[in-house]
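Coordinate analysis (summary)
If you want the building blocks of each chain, they are given just below.
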Amino acid sequence: MHYYYFPQSHWSRIISLCLAEKGLETTRHVVDIRRNESMDPDYMRLNPKGVVPTLVDGEKVVCNGPTIAAHLDSVTETTLVPTDAGTRAWATRLEDFPTMHLSYSIWVLGLHGERSSEILDDKVDRCARYADEYPDLRSEYLRKKAFFEEFRAGVYDASYREKMLSHCTETLENLSSVVSSRDWIGPQYSFADAIATSILYRLSDLALLDFWRESHPLADYFERLKARPSYQEVWVEDPLISR
Ligand SMILES: N[C@@H](CCC(=O)N[C@@H](CS)C(=O)NCC(=O)O)C(=O)O
């Protein structure tokens with residue numbers, strides 16, 4: 001299997017966790033989204049949305065995180081995608097968690113040197129340029145451009161951002177009550193917990209977790225997630241993480 005990913009990206013981390021949990025080896029290819037490599041025409045021909053991750057299993061190209069997770073379950077003995085309705089609903093809810101929105105709205109402040117408005121302006125311009133340069137991919141680039149334009153409009157809109165933050169708070173409070181009475185979101189560790197790991201990591205990286213840390217048992221849950229060998233493999237030992 002060939003795995004195209006960017007070690008520090010939210011969705012790549014989730015799939016990297018699934019691979020690590022399953023002990024699956026893949027041939028890894030870094031697609032540096034910070035250098036917009038996911039927009040390269042060759043990559044867009046593999047993944048028409050121009051996003052990571054992508055898994056290539058023989059002849060089959062599998063795009064989209066949840067679809068990749070289901071594919072990995074179908075080719076291994078272990079099951080990570082939840083089979084019970086309650087945990088499945090949690091996985092869907094966490095899939096929709098606006099991690100990208102939160103990240104860009106914080107990064108606009110240049111927290112780690114990222115200037116998200118410049119990054120987004122560049123992505124929009126680049127999509128427009130590539131749409132002209134690569135006629136066979138024109139509609140894919142224009143669709144991506146429209147996505148970033150809409151996203152940019154929401155990220156810097158104060159009232160939209162407020163709504164987004166209160167939605168996040170509610171989700172985290174609900175999650176907190178679930179994991180206060182058991183170790184994982186469902187009866188055992190699942191894809192939903194893999195998504196939660198990446199969300200909680202990003203929140204702490206964005207200095208947004210402290211607010212919830214004070215009054216909720218999410219911190220203990222996050223410690224349980226970080227104690228798993230898969231976390232060490234993905235966050236600490238990934239050989240392709242640039243240092
Ligand atoms: N649910 C989608 C989301 C993928 C996604 O948004 N990936 C981001 C990184 S977490 C990405 O590649 N961004 C680069 C870009 O859009 O230019 C999937 O898994 O395919």
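Residues numbered from 1 in each chain as written. Predicted model: local features only at pLDDT ≥ 70, side-chain atom pairs only at ≥ 80, totals over all residues.

1. Details of the overall build of the protein chain
Scanning the protein chain from N- to C-terminus turns up 12 helices and 4 strands. For a compact globule of 243 residues, the expected C-alpha radius of gyration is about 18 Å, and the protein chain comes in at 18 Å, within 12% of that figure. Within the protein chain, the proportion of its 243 residues that are buried is 32%. Taking all contacts inside the protein chain whose residues are at least 6 apart in sequence as the whole, residues at least 24 apart take part in 65%. (Helix = DSSP H or I, 4+ residues; strand = E, 2+ residues; numbered from the N terminus. Rg over C-alpha atoms; globule rule 2.2 N^0.38 Å. Buried ≥ 20, exposed ≤ 12 C-beta atoms within 10 Å, placed from the backbone. Contact = placed C-beta atoms within 7 Å.)

2. Focus: the site of the ligand
Around the ligand sit S9, H10, W11, I33, S38, G50, V51, V52, C63, N64, G65 and K123, and those are all the residues in its vicinity. The residue inventory of the shell around the ligand, partitioned by class, reads 5 nonpolar, 6 polar and 1 charged. (Near = placed C-beta within 6 Å. Nonpolar A, V, L, I, M, F, W, Y, C, P; charged D, E, K, R; others polar.)

3. Overview of the sheet that holds strand β2 (residues 27–30)
Taking strand neighbours across the sheet as the criterion, the 4 strands line up as β2-β1-β3-β4 in an open arrangement whose pairing is mixed. Here the strands that pair on one side only, and so sit at the sheet edges, are β2 and β4 (60–63). Taking each pair of neighbouring strands and ignoring which way they run, the sheet shows an average axis angle of 15°. Across 4 bridges, the pairing between strand β3 (residues 54–57) and β4 is antiparallel. Counted as the bridge partner of V56 is V61 from β4. (Pairing = 2+ DSSP bridges. Axes fitted to C-alpha atoms, helices over the stretch in contact; angles between N-to-C directions.)

4. A few points about the pairing of strand β1 (residues 2–5)
Where β1 lies against β2, 4 bridges are found, and the strand directions are parallel. Opposite Y4, over in β2, you have H29 as the bridge partner. Where the polypeptide runs from β1 across helix α1 (residues 10–22) and back to β2, its parallel neighbour, the crossover connection is right-handed. Judged from the 3 bridges that link them, β1 and β3 form a sheet pairing that is antiparallel. Bridging across to β3, H2 finds its partner in V56. (Right-handed = clockwise from strand over helix to strand, strands pointing away.)

5. Re unusual backbone geometry
Put simply, V52 and P53 share a cis peptide bond, and its omega is 5°. Within the element layout of this structure, P53 appears in the loop between α2 (41–46) and β3. In the Ramachandran plot, N36 falls in the positive-phi region, its phi being about 60° despite a non-glycine side chain. Even without a glycine there, the phi angle at N64 is positive, about 80°. Following the sequence through the fold, N64 ends up in the loop between β4 and α3 (65–74).

6. Topic: helix α9 (residues 191–205)
Its 15 residues give α9 an end-to-end C-alpha distance of 21 Å, which sits within 8% of 21 Å, the value for a rise of 1.5 Å per residue. Of all 15 residues making up α9, 13 are buried, and the element is well covered by its neighbours. Directly after α9, the chain includes A207, whose backbone phi takes a positive value near 60°. (Expected span 1.5 Å × (residues − 1).)

7. Considerations on the packing of α1 against α3
Here α1 crosses α3 at 10°, and the two axes come no closer than 10 Å. One finds that α1 runs roughly parallel with respect to α3. Counted together, W11, I14, I15, C18 and K22 of α1 and G65, I68, A69 and L72 of α3 form the full contact between these two elements. Here the contact of α1 with α3 is composed, by residue class, of 7 nonpolar, 1 polar and 1 charged. (Parallel < 35°, antiparallel > 145°, perpendicular 65-115°, else oblique.)

8. A few points about the domain arrangement of the protein chain
By the assigned domains, the protein chain splits into domain 1 (2–80) and domain 2 (85–228). Listed as interface residues are 14 residues of domain 1 and, on the opposing side, 16 residues of domain 2. Counting residues per element, the ones that place at least two in the side of domain 1 that touches domain 2 are α1, α2 and α3. When grouped by side-chain class, the residues that make up the side of domain 1 that touches domain 2 number 10 nonpolar, 3 polar and 1 charged. (Domains from an automatic or database assignment.)

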